[in-house]
Amino acid sequence: MQHAWLMGFLGGLMIGTAALTFLVVNGRIMGVSGLIGGLIDRSGWGNGWERIVFLFGLFIFPALWVRFVAPVETNVTRNLSLITIAGLLVGIGSRLANGCTSGHGVCGISRFSIRSIFATAVYLLSGVIAISIFRQLLGVI
């Protein structure tokens, strides 16, 4: 844990660099839920290959990093049903919020978007409430 802050800093730096690169190269905001959503609902098929390549990089680079640079211990459950339900809830939430943490939290706040600042505050507060309920009231975490 001595260098956990450094890994967090590097991760944030990589996400910020990816967002900046995507904006400069494509002229669009890097919202991951929007990139995936455009592939699913076919509204983004016109630039589908660049979406796929970018998303592939988002998934493969951390796997390579963990494998070859800095192995990470995690407490993520191996319960596939729970992971699937959690993923669906995150997907639904990001669609309801018209964006996810990368779109609102990274790109929106850096553009001083009031909507993104409000959305980020709401999902952070929701996370605090959820973890408080699961940990304090239900004792499952």
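Under the annotation held in an unreviewed UniProt entry, the protein carries the name YeeE/YedE family protein and is attributed to Acidithiobacillus sulfurivorans. UniProt, in the comment section headed Subcellular location (unreviewed entry), describes the protein in these words: "Cell inner membrane". Regarding the protein, the relevant UniProt record gives this comment under Sequence similarities (unreviewed entry): "Belongs to the TsuA/YedE (TC 9.B.102) family."

**A closer look at the overall build of the protein**
Secondary structure summary: the protein contains 6 helices and 0 strands in total. Ordering the α and β elements of the protein from the N terminus gives α-α-α-α-α-α. With respect to the three principal axes, the spread of C-alpha positions in the protein is 45 × 35 × 30 Å. Sorting the 141 residues of the protein into buried and exposed places 21% on the buried side. Within the protein, counting contacts between residues at least 6 apart in sequence, those at least 24 apart form 36% of the total. Summing over all exposed atoms, the protein offers an accessible surface of approximately 10,700 Å²; the carbon and sulfur share of this is 72%.

The rules behind the values
- Residues numbered from 1 in each chain as written.
- Predicted model: local features only at pLDDT ≥ 70, side-chain atom pairs only at ≥ 80, totals over all residues.
- Heavy atoms only, no water.
- UniProt positions renumbered as here; feature names shortened; annotations may be inferred.
- Helix = DSSP H or I, 4+ residues; strand = E, 2+ residues; numbered from the N terminus.
- Buried < 20%, exposed > 50% of the residue type's maximum accessible area, 1.4 Å probe, protein only.
- Contact = heavy atoms within 4.5 Å.
- Areas by Shrake-Rupley, 256 points an atom, 1.4 Å probe, with all protein chains shown as cover.

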